[in-house]
Amino acid sequence: MSWQTFLLHLFTYGILLYSIILLVCYLLIGAFSIMETRAYLHKNSFTDYRMLAQSTETPSMSILAPAYNEGPTIIENVRSLLSLHYHNLEVIIINDGSKDDSLERLIEVYSLYKADYFINQCIKTKPVRGVYRSSNPVYRKLVVVDKENGGKADALNVGVNIAKSDYFVCIDADCVLEQDALLKLAKPFLEATTQRVIAAGGVVRIANSCEIEGGRLVKVNLPKQFLPKIQTLEYIRAFLLSRMAWTKLNGLLLISGAFGAFDREIVIACGGYSSKTVGEDMELVVRMRRYMEELEEPYKVAFIPDPLCWTEAPSTFRILGRQRNRWARGTIETLRSHKKMFFNPRYGILGMLSYPYWFFFEFLAPIIEFFGTLGLVYYCFKYAINWEAILIMAGVICLGILYSVFAIMMEVLTYHQYKQKREILHLVLVAILEPFVFHPFVVWSAVVGNFDLIRKHNSWGEMTRQGFAQNKQV
Amino acid sequence: MKILVAEDDQLMMKMLEFRLRKDGHEVIITHDGREAVQKLDEFQPDLVITDIMMPYLSGLEVVSAVKKKYPTGTPVVILSGMGQENVVLEAFQLGADDYMTKPFSPNELSVRVRRFNMSAVK
Amino acid sequence: MSGRLLTYLLKINWKVQDVALAAVVTLMTCLLVFMLVYMYIKSRREKKQDKWRMISDMLINKAIFYEDRDEIEDQIIASVMTAAQELIVNRHFRKFVAQELVSAKKNISGASADSLKQFYLQLGLDKYALRNLDSRQWYVRAEAIQELTIMHTDEFIGQLHIHTNDKNEYVRMEAQAAMVQFKGFEGLNFLDDIGYPLSNWQQIKLLQLLSLKPPSTISMDKWFKSTNNTVVIFALKLTRNYRRFELHDAITECLDHEDADVRYEAIRCLNEIYTDETSDHLIARFLQQGLKHQVAIARAMQNVGSKKDEMFLFDLLTHESDELKLHAARALANASQDGLLSLEQYSKESEEAIGQILMHIKGENAA
């Protein structure tokens, strides 16, 4: 047997093995997701969230909304945050050295004054220029912090320092929340008895083409543009299937930076958000989990599947590429700084299942796919068309489409946000197109992200000004 | 009497509407705090009944908006599920004229509204 | 040889792949068809619901004006009732109308609420709910209990009480809520022998229900001594909410409880219920506690502290935790009339940098 045939067989069987493992993963994720979703929906059917909204006995919560040059929308967004249903609420807007007039607008509309404020520096941050409160008693929940620019992680850390509450919810200032979002997010913390809930993640849905009025979602529509439409499918798949399944196993590693709640005490104990990574949302959850594993205390990361947070998705390939590039870098950086846990039985599910899954299917998958496809194309041109390998790949693609269709079905059976048959058919069509149009681009961006990271380590690293649009990893 | 009602719960709104119409009042329906404040100028109501937890603007903001616009007239009745002392106190401090908690008795509401009507006639 | 075997294997795979591909495509089509059929059925049911909604709206409408009835009204009610009774065999209609009546009942009280209950009973919905109490599905049981509770059908108290210690968390939560709804503070006696922890959520729910009931000074000794820590915590919350000053000693005993959460709740409780000895109790236990509890004590000192505790509080100003310092300074400022003055004095004299803390407290007092 010549080395070419050997390579060919290795390649063919490699892909076959990979696709079999993928199939098993899909099946398990599907099954676990169904179980967890059913249990959640049954619980929810007789939960009276109004009771929680009306109670003054609820734990205190702070919303942390970092804002960087959000001038045009900041007033409306703050207003909608202030009208969220929750009694013991504090809304903290962190102006991360914006260069526009966001702060002036806020001061004027909400009659803010600069308060003498002692900040307890639990976590080291960039200097704070001032803390503003409203002189109007109606806005007593509002705190506006003005600080020097330091990026999203630093802004959130300032918020964590200033917050006086037991729990905090971090959100992107451009997100639109449902009225009862906080009540639903607070519930897992309150229900815990034997395990301490350290964080609770929420679903992020795509708001492109939806009707939004005054910082509030009025009508849900399927995005009309192609890229947001495909991302809608992607988000449904990630949140309704993957996150739910991982929650069932108590192995959830990622809470979207756009919308999640955290136990403040533990976040402080872990040292807060890390400014050293572009994936601070994932890194924090991994670090918190690791901390709890090392303390050997029972804990849980919860997840709420209701569509509660809506956000604009990138609609051009350029912005999307940058976003995916950053996600890839964030994943690698997180995995690298916690590599100690890789197949380490001391860390339980976290070390034996979650971490390896992320390593193989989030970090390595794009690389394998990229070089695999490249190799196959090369082989076909150089030698002969390898029908076996092509067929296996076709099988993998079909499997992926099936998985997407299953995700769409779960959406229809559970939350059914897209009411028209036309919209569902569009989603299915998009599911069929995705592997050929969208997926290669995402893989390419991730590979470039890997490459950028290696390059950055060889040079001095880029010192760009940090804004923080679109940092919500799915 | 012209009554502006701000309430985001559909069923609750229906019940209020039934009752107040039957008592012979003109009812202006609004579904959130912002709509309520916007319609103040248009309709010049004689009484405002508002929930506290609503979209856009809370009932407390509605109270302070009404009191700012009509420092002497237009009483505001709060009808809320929150019955805790500190919330009630806050509402009265902002200028609310009456406070009822849910679950509410439609008959009681009817009587309380009538009282405002009489003082308006005086 | 091995090359031949491999090509042979691949040939088999070829067929397996064919079959697999076909299976995947079929499955996908099945899922699609299922989804479309589901959507169709759902939209048809929604259309039917318009009629259902009319019936339930009529019932609620009539309930609200039940007292000013005449013959015509009676006739209308009777005809709506017949229409509803005809549909009641339909499981979906039953669920729908029960839900509508329940959510109306949640919002109203008085005579109107009574007539809503009467309609509920007339439709025989309580019978169906009772039947669901024996369901094998926990959520059906829990929902049935909730429905009966909101409808205030207190004749079934006995049947509901046995569920207060149910294996399923949600079933027992609903049953416990039912007891409180029906019997007020008396209903809490399920706490005497409850084997499962009482979640924070459930405590909030019970307190919320109790806040709508006339206050009563029931005996809580048993609960303070309970081996179930969450029951002790709940008792402390009740004590605090209802200002049960006579229980001061029972609370201070909880400061030495082995469970950290109980101790924490006890400190919070003393925030509201205190005598001039309370601060001594707290100070005596300060050093044994972790930081979280120490902060809670410092915070409590704002209310319970007085002139005699100044020494202790000044000591805290040199503590390494900024949070403790802040609370200590606030407590000092509130400990006596000239508290703020002596704090200012301290700020000038000592090398401890508490200038910013002092400003913060002054700002708070001004606001």
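These numbers come from a predicted model, not from an experiment. (Residues numbered from 1 in each chain as written. Chains lettered and ligands numbered in written order. Predicted model: local features only at pLDDT ≥ 70, side-chain atom pairs only at ≥ 80, totals over all residues.)

**What about the interface of chain A and chain C?**
- Taken together, the contact between chain A and chain C spans 41 residues of the former and 41 residues of the latter.
- Contributions of two or more residues to the side of chain A that touches chain C are made by helix H1 (3-45), helix H2 (49-54), helix H6 (181-191), helix H12 (387-413) and helix H13 (421-458) of chain A.
- Taken together, the residues of the side of chain A that touches chain C break down into 22 nonpolar, eleven polar and eight charged. (Contact = placed C-beta atoms within 7 Å. Helix = DSSP H or I, 4+ residues; strand = E, 2+ residues; numbered from the N terminus. Nonpolar A, V, L, I, M, F, W, Y, C, P; charged D, E, K, R; others polar.)

**Focus: the pairing of strand E2 (residues 89-96) of chain A**
Residue and element names in this part refer to chain A.
- Across the eight residues of E2, six count as buried, placing the element largely inside the fold.
- In this structure, strand E1 (residues 61-67) lies alongside E2, joined through seven bridges in parallel fashion. Opposite Met 61, over in E2, you have Leu 89 as the bridge partner.
- Note: E2 against strand E5 (residues 142-147), six bridges, orientation parallel. By the bridge assignment for E5, Asp 96 is matched with Lys 147. (Buried ≥ 20, exposed ≤ 12 C-beta atoms within 10 Å, placed from the backbone. Pairing = 2+ DSSP bridges.)

**Some details on the pairing of strand E1 (residues 2-6) of chain B**
All names here are of chain B.
- Among the five residues in E1, four count as buried, and that is most of the element.
- At this point the chain moves from E1, through helix H1 (residues 10-22), to the parallel strand E2 (residues 26-30), and the crossover so formed is right-handed.
- With four bridges joining them, E1 and strand E3 (residues 47-50) adopt parallel strand pairing. Pairing of Val 5 across the sheet is with Ile 49, part of E3. (Right-handed = clockwise from strand over helix to strand, strands pointing away.)

**Section: the sheet that holds strand E12 (residues 299-311) of chain A**
Residues and elements named next belong to chain A.
- Read across the sheet, ten strands follow the order E3-E4-E5-E2-E1-E6-E11-E8-E12-E7 without closing on themselves; strand pairing throughout is mixed. The open sheet terminates on both sides in strands that have one partner only, identified here as strand E3 (112-115) and strand E7 (176-177).
- One ladder, built from four bridges, connects E1 with strand E6 (residues 167-171); its direction is parallel. Paired with Leu 64 across the strands is Cys 170, a residue of E6.
- Of the strands in this sheet, strand E8 (196-206) and E12 are in contact with helix H9 (residues 280-295), which crosses E8 at around 160°. (Axes fitted to C-alpha atoms, helices over the stretch in contact; angles between N-to-C directions.)

**Considerations on the interface of chain C and chain B**
- Contacts between the two partners involve 16 residues from chain C and, on the opposite side, 15 residues from chain B.
- Every element with two or more residues in the side of chain C that touches chain B is listed here: helix H1 (2-64), helix H3 (91-107) and helix H4 (111-122) of chain C.
- Here the residues of the side of chain C that touches chain B sort into seven nonpolar, seven polar and two charged.

**Describing helix H5 (residues 125-132) of chain C**
All names here are of chain C.
- Taken as a whole, H5 has its buried residues at Leu 125, Asp 126 and Ala 129. Seen end-on, H5 carries its buried residues on one side only, within an arc spanning 95°. The exposed residues of H5 that point more than 90 degrees off its buried face are Lys 127 and Arg 131.
- Of the surrounding elements, those touching the buried residues of H5 are H3, H4 and helix H6 (138-150). (Arc of directions from axis to C-beta.)

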